[in-house]
Amino acid sequence: MIAKTFQGLEEVLAKELIDLGANDVQIGRRMVSFTGDKALMYKANFRLRTAIRVLKPIKRFKATDADDIYEALKPFEWECFMGTDTSFAVDAVVYSEEFRHSKFVAYKVKDAIADHFREREGRRPSVRVTDPDLLFHIHIADDQCTLSLDSSGESLHRRGYRQNAVEAPINEVLAAGMILMTGWQGETDFIDPMCGSGTLLIEAALIARGIAPGVFRREFAFEKWTDFDAELFDSIYNDDSAERDFAHHIYGYDNDWKAVNIAKANVRSAGLASVIDVEHRELADFTQPEAPAIMVTNPPYGERLKPDDLFDLYRLLGTRLKNDFQGNQAWVISYKEELFNKIGLKPSTIVPLFNGALPCELRKYELFSGRFSEFRESGEQLDKSDRPTKERRPLHLRQQAVADKKAEKAEKAESLGFDNREEERAYLTRLDRHNEFDRQQQARERKERLEQREAERQQRQSERQQQGERQQQGEKGGFRRPYKSGFKSESRGGFRSEGKSGFKGSEGRGGGHKPPFRDGGKGFGKGAGRNARFQKPTFRNNKKG
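Positions within a chain are numbered from 1, following the residues in the order the chain's sequence is written. Selection of residues for local features in this predicted model requires a pLDDT of at least 70, selection of side-chain atom pairs for listing and counting requires 80 or more, and totals for whole chains, interfaces and linings are taken over all residues. Where side-chain values are given, they derive from all heavy atoms of the structure, hydrogens and water being excluded.

Enquirer: Please explain the overall build of the protein as it appears in this structure.
Expert: The secondary structure content of the protein amounts to 14 helices and 14 strands. The rule is simple: take the accessible area with a 1.4 Å probe, protein chains only, and divide by the maximum for that residue type; under 20% is buried, over 50% is exposed, in between is partly exposed. Scored against the burial criterion, the 545 residues of the protein give a buried share of 46%. Areas reported as accessible are Shrake-Rupley estimates using a 1.4 Å probe. Residue values count occlusion only from the protein chains shown. Roughly 28400 Å² of accessible area belongs to the protein as shown, and the carbon and sulfur atoms make up 46% of that amount. Strands are runs of DSSP state E lasting at least 2 residues, helices are runs of H or I lasting at least 4, and numbering of each runs from the N terminus.

What follows is the structure, encoded as structure tokens:
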């Protein structure tokens, strides 16, 4: 059998399968193959947190063109799986120069099935795109073809507890994978200061309580198979031996009231309101938690926030971690290297991941009080045991490689394997947004460099002028009075004042102590969605923010 997942989560999925009792577990690209009986297939669909779907291969063959596919599948014994009254659909994934479009491959498989039954029984089964009785999956890599039965049906990331979502919510499978990568199993409190619709909170609660993610689903595709064992699946569904008590608590915060209300509704839908608290709070109000905690968060990447706002958000996140999360661990996933740089902390672990089509990184920050030298002298060490075993390319090189690959694929649009033109246009639109972000960032950096050079030039000119004036006044014997009204006054009224209202305030140190993160906060502004929730942070000594 084959369990599919996101790139970067293969090892996590493999460990889950081993824990379920799978045999011959082998890791591939975005998939893990394994062997097991019918009970294991049911358990894999019901209990795996990082699987997108579970496939059962039924035929493997070679094909160099569409006619080969048709000829290989038409005589296949389809009666073992379906009849003329069975509705079906075909999903195709193609990685081959011989086959230019996955949709055409799916049509050939459908034709083979239809012609098989028409010639033998005089009638054919019907094709139903939505909610078919059987869903076939054909995968082609070069000339190697694998036809499988999809035992999951609807993607397993659709748990069933989500009532609504904010813009750009994190996928449930990715959220669960991130949490499992941290090694957290409910030993401490869990915090997400930018919780959005609450996906990370709910997945964390399911992990801490040992609740199977499939408990919320209405059905699985294997329940429509002719050999479905209802009694066996009922025993798996009703087995709560893996569930356990959770002695700590999970906290979620967001500065967007819409996101808070959506997260609360999703938490209630999952029946986890007793262990999850969701509140409306600003990131700037975050203070040291009362109990040990782990933070896992998915900040906006820049899809809908302006670059200036985004940099301030990550800078503020770094400030809060340095000052108010000491003694704990924080895990942050993001897309841009320059966003991580604004956090201002050195990660102890970097894990490459993909969030959809975006090459991201999950970074671990270990926060300790005092100086790092004191931390080491006390005998403590940073935990580097969960660093990736493979050599990691810098994020900007990975992003450049992805961009080059996308550019190459754009020239061969037909070989991308999109199911329709709308998907292709959406892909190219998203790519254009990323490129626009890069252009804005580069323009901003050029502007900052020009302004810095101009400021340095003016400062040098001013210093030369002041030096000449002091020399002239020294010759006349009137040095002290002109110095007080000239150079020193200009320094106090210019540079120091500007530093107080700009530099110090922008680092978040000019606003005094904030209210406790859990016990209160001040008023909040209105947000505008998942990726536009955080407005530019304001501080007491910086009226412009």
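Next comes the rest of the account.
Enquirer: When you look at the packing of helix α3 (residues 66–73) against helix α4 (residues 102–121) in this model, what are you seeing that I'm missing?
Expert: Two packed helices can be described by the angle between their axes and the distance between those axes. Only C-alpha atoms enter the line fits that serve as axes; for helices the fit covers just the stretch in contact. Angles between N-to-C directions range over 0 to 180 degrees. Between α3 and α4, the shortest axis-to-axis distance is 9 Å and the interhelical angle comes to 30 degrees. Considering their axes alone, α3 and α4 lie roughly parallel with respect to each other. In the packing of α3 onto α4, the handedness of the crossing is right-handed. Counted together, A66, D67, I69, Y70 and L73 of α3 and F104, V105, K108, V109, D111, A112 and D115 of α4 form the full contact between these two elements. Here the residues of the contact of α3 with α4 are counted per class, giving 8 nonpolar, no polar and 4 charged. An angle below 35 degrees is treated as roughly parallel, one above 145 as roughly antiparallel, one from 65 to 115 as roughly perpendicular, and anything else as oblique. Here a crossing is taken to be left-handed if its near helix is turned anticlockwise relative to the far helix by less than a right angle, and right-handed if that turn runs clockwise. The criterion used for residue contact is that any of the two residues' heavy atoms lie within 4.5 Å. Polar here means any residue outside two lists: the nonpolar Ala, Val, Leu, Ile, Met, Phe, Trp, Tyr, Cys and Pro, and the charged Asp, Glu, Lys and Arg; Gly therefore counts as polar.

Enquirer: Quick question: what am I supposed to make of the sheet that holds strand β9 (residues 250–254) here?
Expert: Strand pairing in a sheet takes place through backbone hydrogen bonds and is either antiparallel or parallel in direction. One requirement defines pairing of two strands: DSSP has to find at least two bridges between them. The strand order across the open sheet formed by 7 strands is β10-β9-β8-β11-β12-β14-β13, and the pairing between neighbours is mixed. With partners counted over all chains shown, the strands left at the sheet margins are β10 (276–280) and β13 (349–355), one partner each. Across this sheet, the average inter-strand angle for adjacent strands is 20 degrees, counted without regard to direction. In the sheet, strand β8 (residues 189–192) pairs with strand β11 (residues 293–297) via 3 bridges, with the strands oriented parallel. Looking at the pairing, F190 lines up with I294 of β11. Of the strands in this sheet, β9 and β10 are in contact with helix α8 (residues 257–269), which crosses β10 at around 165 degrees.

Enquirer: So what exactly am I meant to see when it comes to the packing of aromatic side chains here?
Expert: Here the distance between the centres and the angle between the planes together describe a pair of aromatic rings. Centres within 6.5 Å make a pair out of two Phe, Tyr or Trp rings, where for Trp the six-membered ring is used; the pair is then stacked when the planes are under 30 degrees apart, edge-to-face when over 60, and tilted otherwise. Summed over the entire model, instances satisfying the criterion amount to 19 aromatic pairs. Judged by centre distance (4.9 Å) and plane angle (80 degrees), the ring pair of F76 and W78 falls under edge-to-face. A single burial state applies to F76 and to W78, both of which are buried. Look at F220 and F222: their rings are 5.4 Å apart centre to centre, the planes differ by 5 degrees, and that puts the pair in the stacked class. The pair formed by F220 and F222 is uniform in burial state, with each residue classed as buried. Ring pairing ties together the aromatic residues Y42, F46, F220, F222, F228, F233 and Y237, which thus form one cluster. Both a distance and an angle decide whether a charge sits over a ring: NZ of Lys or CZ of Arg must be within 6 Å of the ring centre and within 35 degrees of the ring normal. Residue placement shows K342 over the ring face of F311; its charged tip is 5.2 Å from the ring centre. The side chain of R363 reaches across the aromatic face of F340, ending 4.0 Å from its centre.

Enquirer: So what exactly am I meant to see when it comes to the pairing of strand β7 (residues 144–150) here?
Expert: Within a regular strand, the side chains alternate between the two sheet faces. With respect to burial, β7 is a largely interior element, 6 of its 7 residues being buried. Pairing between strand β4 (residues 53–62) and β7: 7 bridges, direction antiparallel. Bridge assignment links P57 to a residue of β7, and that residue is S148. Adjacent in sequence and paired antiparallel, strand β6 (residues 134–141) and β7 are bridged by 2 residues, among which D142 carries a positive phi angle near 60 degrees.

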